[in-house]
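These are the residues of each chain, in order.
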Amino acid sequence: MKFSVVIESVYLGKDFIQSMREVKHLGFSAFEFWSWWDKDLQAIMVAKEAFHLQLSSIVTKFISLTDPAKRQEYVRGVRQTIGVAKMLGCSTIVSQVGQELPAISRREQHRSIVDGLRACVPFLKQSGITLVIEPLNTIVDHKGYYLDSAKEGFHIVEEVGSPYVKVLYDIYHMQIMEGNIISTITENIEKIGHFHVAGVPGRHEPYIGELYYINILKAIEET
């Protein structure tokens with residue numbers, strides 16, 4: 001099991017390279033971050049090598065998958081992100097799916113997500129990079145977001161039918177929306193490509209709140 005620190009989440013507003021140094025100082029071997037298009041990628045690459053850190057994930061551009069009219073733009077964004085991921089030695093791309101569109105049925109939006117992800121599979125396969133879609137909570141943090149259910153996320157992955165498209169199972173978000181964390185993980189582990197953790201409520205340290213992460217991590221390890 002490899003642990004990484006999300007730079008923007010933990011070190012919000014702090015110098016990026018200094019934050020990488022702190023991650024290494026604290027004993028972690030990996031980091032991840034969100035948007036790459038507003039970063040000094042050359043500086044990150046140099047620091048990554050200097051600190052002997054692995055990059056576990058970056059996000060692709062925030063372009064809607066629920067809107068079929070945005071599909072080509074989404075695919076272009078994924079292809080650009082693949083290029084950056086390869087440059088930085090990263091094998092996982094995180095993707096959100098976009099806001100729910102009130103004028104279009106959920107069934108149509110679901111189909112648009114599946115078709116959009118399928119269009120990316122050849123590029124992911126060629127590069128050996130996995131794309132993970134992220135269900136988020138719509139109660140506290142992401143009102144209006146389309147994908148707020150891990151169950152639907154797993155259905156999408158099944159329909160896409162590629163080992164290069166999986167779910168980012170964010171335990172914080174899914175505890176708020178669904179609970180039943182350990183059973184959901186163990187029953188769907190083959191469809192999960194990445195995890196995020198935080199304490200519930202409040203999105204603070206994992207040891208704060210209602211989730212006993214020791215048992216959750218043991219359950220993941222046993223899979």
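Predicted, not measured: the structure shown is a model, and the values here were computed from it. (Residues numbered from 1 in each chain as written. Predicted model: local features only at pLDDT ≥ 70, side-chain atom pairs only at ≥ 80, totals over all residues. Heavy atoms only, no water.)

Looking now at the sheet that holds strand S4 (residues 92-95). Reading across the sheet, the 7 strands line up as S1-S2-S3-S4-S5-S6-S7 and stay open at both edges, with parallel pairing between neighbours. Two strands lie at the open edges of the sheet, namely strand S1 (4-6) and strand S7 (192-196), each paired on one side alone. Taken over all neighbouring pairs, the strand axes of this sheet differ in orientation by 25 degrees on average, direction set aside. Relative to strand S3 (residues 54-59), strand S2 (residues 30-32) runs parallel, the two being bridged by 3 bridges. Bridge pairing in S3 places Phe31 opposite Leu55. (Pairing = 2+ DSSP bridges. Helix = DSSP H or I, 4+ residues; strand = E, 2+ residues; numbered from the N terminus. Axes fitted to C-alpha atoms, helices over the stretch in contact; angles between N-to-C directions.)

So, on to the packing of helix H3 (residues 41-50) against helix H4 (residues 71-88). Close contact between H3 and H4 brings their axes to 10 Å; oriented N to C, the two are set at 30 degrees. If you check the angle between H3 and H4, you find them roughly parallel. The residues of H4 that touch H3, namely those facing Leu41, Met45 and Lys48, are Val84, Met87 and Leu88. Classifying every residue of the contact of H3 with H4 gives 5 nonpolar, no polar and 1 charged. (Parallel < 35°, antiparallel > 145°, perpendicular 65-115°, else oblique. Contact = heavy atoms within 4.5 Å. Nonpolar A, V, L, I, M, F, W, Y, C, P; charged D, E, K, R; others polar.)

Core analysis: the largest hydrophobic core is formed by 61 residues, its most contacted members being Met20, Phe31, Phe33, Leu117, Ile133, Tyr169 and Ile171. The element best represented in this core is H4, accounting for 7 residues. Ignoring any residue separated from it by four or fewer positions in sequence, one finds Met20 in contact with Ile7, Phe31, Ile44, Ala47, Lys48, Phe51 and Leu53. (Core = buried A, V, L, I, M, F, W, Y, C linked by side-chain atoms within 4.5 Å. Buried < 20%, exposed > 50% of the residue type's maximum accessible area, 1.4 Å probe, protein only.)

On their own, these measurements won't tell you what the molecule is for.
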